[in-house]
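Structural features, examined
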Amino acid sequence: RKEVEQDPGPFNVPEGATVAFNCTYSNSASQSFFWYRQDCRKEPKLLMSVYSSGNEDGRFTAQLNRASQYISLLIRDSKLSDSATYLCVVDSGTYKYIFGTGTRLKVLA
Amino acid sequence: GAGVSQSPSNKVTEKGKDVELRCDPISGHTALYWYRQSLGQGLEFLIYFQGNSAPDKSGLPSDRFSAERTGGSVSTLTIQRTQQEDSAVYLCASSLGLAGSYNEQFFGPGTRLTVL
């Protein structure tokens with residue numbers, strides 16, 4: 001089993017739709033969880049951290065389910081500019097961070 | 001302020017040649033990571049530097065790969081006798097490296113390496 005697994009997609013959604021991605025992780029000792037965004041042929045950039053209580057940043061909501069070992073990202077009212085690959089990142093229990101292969105989102109006009 | 005910079009942005013080389021990739025981290029960042037990203041793949045951890053501590057080289061795929069960090073700042077990743085499977089984007093990231101908490105990793109634009 002991979003340490004961090006994501007559905008590669010692509011998720012093709014119309015503008016204004018709500019879309020959700022999940023990411024599962026295997027290390028129950030992991031403490032830090034993040035979503036990064038990567039545009040085509042660009043470097044990854046931090047989108048948001050994921051806290052135990054869940055957190056929201058505008059149209060984006062991230063949640064953590066420790067019992068089932070997954071994190072989720074919900075995007076409401078999708079914009080064309082949200083089209084990108086979303087990378088799930090989980091700490092390995094040390095300073096190392098494991099990146100998922102990413103979920104590709106395409107928002108269609 | 002300046003972000004993480006990497007050079008060259010693109011490198012095309014012939015199989016068997018050595019290449020050197022450079023990373024300039026954000027000033028004041030003590031932690032520096034090298035990753036490799038192949039087409040359609042996630043980021044593969046290669047090596048980690050933290051301050052003056054011995055680097056964690058556990059992700060280096062073979063002894064053809066080496067990296068150093070001079071003066072706690074600039075880092076170079078060297079690939080000797082390149083192979084076609086080394087073709088990928090090599091990404092460098094730096095962070096504050098503070099103990100006990102996650103420090104956001106800031107990535108450079110990467111070096112796209114093509115081995116013919």
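Thresholds applied
Residues numbered from 1 in each chain as written. Chains lettered and ligands numbered in written order. Predicted model: local features only at pLDDT ≥ 70, side-chain atom pairs only at ≥ 80, totals over all residues. Heavy atoms only, no water. Helix = DSSP H or I, 4+ residues; strand = E, 2+ residues; numbered from the N terminus. Rg over C-alpha atoms; globule rule 2.2 N^0.38 Å. Buried < 20%, exposed > 50% of the residue type's maximum accessible area, 1.4 Å probe, protein only. Contact = heavy atoms within 4.5 Å. Pairing = 2+ DSSP bridges. Axes fitted to C-alpha atoms, helices over the stretch in contact; angles between N-to-C directions.

This part covers the overall build of chain A. On a plain count of helices and strands, chain A comes out with zero helices and 11 strands. Counting helices and strands in the order they occur from the N terminus, chain A gives β-β-β-β-β-β-β-β-β-β-β. Relative to a compact globule of 109 residues, whose C-alpha radius of gyration would be 13 Å, chain A shows 13 Å and is just as compact. Over its C-alpha atoms, taken along the principal directions, chain A stretches across nearly 40 × 30 × 20 Å. Taken across its 109 residues, chain A has 45% of its residues classed as buried.

This paragraph deals with the environment of B:Gly97. Residues and elements named next belong to chain B. With respect to the helices, strands and loops of the structure, Gly97 is situated in the loop between strand S8 (88-95) and strand S9 (106-107). Separated by 46 residues in the primary sequence, Gly97 and Gly51 place their C-alpha atoms 8.2 Å from one another. Apart from residues no more than four positions distant in its own chain, Gly97 is found in contact with Thr30, Ala31, Gln50 and Asn103.

Turning our attention to the sheet that holds strand S1 (residues 5-7) of chain B. Neighbouring strands of a sheet are bound in pairs by backbone hydrogen bonds; such pairs are parallel or else antiparallel. All names here are of chain B. If you walk across this open sheet you meet the four strands as S1-S3-S7-S6, and the pairing is antiparallel. The strands lining the two open edges of the sheet, one partner per strand, are S1 and strand S6 (65-69). Direction aside, neighbouring strands of the sheet carry axes that sit 15° apart on average. Pairing of strand S3 (residues 19-24) with strand S7 (residues 75-79) involves five bridges; the strand directions are antiparallel. Bridge assignment links Arg22 to a residue of S7, and that residue is Thr76.

Time to look at the environment of A:Leu47. Residue and element names in this part refer to chain A. Note that Leu47 resides in strand S5 (residues 45-50). Since its relative accessible area comes to 22%, Leu47 is described here as partly exposed. For Leu47, the residues in contact, after removing those within four places along its chain, are Trp35, Tyr36, Arg37, Phe60, Leu73 and Tyr86.

Turning next to the side chain of A:Gln38. Turning to its location among the elements, A:Gln38 is positioned in strand S4 (residues 33-38). With near-sequence residues (within four places) excluded, A:Gln38 lies in contact with A:Glu43, A:Pro44, A:Ala84, A:Thr85, A:Leu87 and B:Gln37.

All names here are of chain A. Ordered in space as S1-S3-S8-S7-S6, the five strands form an open sheet in which the pairing is antiparallel. Edge positions in the sheet fall to strand S1 (4-6) and strand S6 (55-57), since each has one partner strand and no second. Averaged over all adjacent pairs, the angle separating strand axes in this sheet is 20°, with direction ignored. Pairing of strand S7 (residues 60-65) with strand S8 (residues 70-75), which is carried by six bridges, proceeds in the antiparallel orientation. Counted as the bridge partner of Thr61 is Leu74 from S8.

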